[in-house]
Amino acid sequence: FARRFAAYKRAGLIFHDLDRLKKIVRAVGPIQIVFAGKAHPCDRDGKELIVRIHEMRDALRGVIPVSYLSNYDMDVAKLLCAGVDVWLNTPLPPMEASGTSGMKAAMNGVPSLSVLDGWWIEGHLEGVTGWSIGDRVEACMEPQSGMDACHAAELYRKLEEKVLPCFYKEHERFVEIMRHAIALNGAFFNTQRMVAQYLHNAYRLGP
């Protein structure tokens, strides 16, 4: 989980139910959670999220390794986008503008486990390019109540039933998902295609 720390990104959603998370790890297999990112100096909520990550790291010590990488910059981002197994994204719909960190991860063969918002609405093919957290929420003016609990439950379900079993028991299938992340997501969600589409749809003269 590496990106700007803003409240709507819900960096702490995976810690919604620590007992459930511990149970999943004991039953299916170990996980390590890596966080990186910065909050705007004036964003009190974002800075409080970082404090909570450190609190959860201490609470889970000896059970689930939790790391927070400080001084997040492009060099750290390059290492994470290319080196992790799954890219987690948990924005509160419909707040996600795009989600370019997940696109960069996909180009490096990293599948996403993400809420269906921003680019993942188009890029998601369940079990092919990654996995969704919950169902798509139609665009609305304000986030709906109860989303945190609902999305946390779905995040745990996907980890327990889909992501971890695939990673530990179906290695070849997991590698295929990595390949599809590159072939389907990486090949489409890139600047070359974006500029060509803008040129064709918005700026082309004539019929």
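Located above this text is the structure these notes cover.
Being a predicted model, the structure only gives us computed values, none of them experimental. (Residues numbered from 1 in each chain as written. Predicted model: local features only at pLDDT ≥ 70, side-chain atom pairs only at ≥ 80, totals over all residues. Heavy atoms only, no water.)

Caption draft 1: Representation of unusual backbone geometry in the model. Residues Pro 93 and Pro 94 are joined by a peptide bond in cis, for which omega reads 0°. Mapped onto the elements, Pro 94 comes out in the loop between β3 (87–89) and α4 (100–107). Unusually for a residue other than glycine, Arg 10 sits at a positive phi of about 55°. Note on Arg 10: relative accessible area 8%, which makes it buried. (Helix = DSSP H or I, 4+ residues; strand = E, 2+ residues; numbered from the N terminus. Buried < 20%, exposed > 50% of the residue type's maximum accessible area, 1.4 Å probe, protein only.)

Caption draft 2: Just the pairing of strand β2 (residues 66–69), in detail. Where burial is concerned, the two faces of β2 differ: the one with Val 66 and Tyr 68 is buried and the one with Ser 67 and Leu 69 is not. When strand β1 (residues 33–36) meets β2, the two strands line up parallel, connected through four bridges. Bridging across to β2, Val 34 finds its partner in Ser 67. In this region the chain leaves β1, passes through helix α2 (residues 44–59) and returns to the parallel neighbour β2; the handedness of that crossover is right-handed. (Pairing = 2+ DSSP bridges. Right-handed = clockwise from strand over helix to strand, strands pointing away.)

Caption draft 3: Quick look at a nonpolar patch on the surface. A cluster of nonpolar side chains, contributed by Met 194, Val 195, Tyr 198, Leu 199 and Tyr 203, occupies part of the molecular surface with about 560 Å² of accessible area. Relative to the assigned elements, Tyr 203 resides in helix α8 (residues 191–203). According to the relative accessible area criterion, Tyr 203 is exposed, its value standing at 61%. (Patch = residues over 30% accessible without salt bridge, like charges linked within 9 Å, V, L, I, M, F, W, Y side chains within 5 Å. Areas by Shrake-Rupley, 256 points an atom, 1.4 Å probe, with all protein chains shown as cover. Salt bridge = Lys/Arg side-chain N within 4 Å of Asp/Glu carboxyl O.)

Caption draft 4: Structural view of the sheet that holds β3. The strand order across the open sheet formed by three strands is β3-β4-β5, and the pairing between neighbours is parallel. Because the sheet does not close on itself, it has two edges, and the strands there are β3 and β5 (130–133). Taken pair by pair, the neighbouring strands of this sheet meet at an average axis angle of 15°, ignoring direction. Sheet topology note: the β3/strand β4 (residues 112–115) ladder contains three bridges and is parallel. If you follow Trp 87 over to β4, its bridge partner there is Ser 112. (Axes fitted to C-alpha atoms, helices over the stretch in contact; angles between N-to-C directions.)

Caption draft 5: How the structure looks around the packing of aromatic side chains. Within the structure shown, the criterion is met by 10 aromatic pairs. Note on Phe 15 and Phe 35: the rings are 5.8 Å apart at their centroids and 45° apart in plane angle, and the pair reads as tilted. With a gap of 20 residues between them, Phe 15 in the segment before α1 (18–28) and Phe 35 in strand β1 connect regions that are remote in the sequence. Across the pair, Phe 35 and Phe 15 agree in class, each one buried. The rings of Phe 1, Phe 5, Phe 15, Phe 35 and Tyr 68 are connected pair by pair, giving a single aromatic cluster. The ring of Phe 1 carries Arg 3 above its face, with NZ or CZ at 4.3 Å from the centroid. (Phe/Tyr/Trp six-rings, centres within 6.5 Å; stacked < 30°, edge-to-face > 60°. Lys NZ or Arg CZ within 6 Å of the ring centre and 35° of its normal.)

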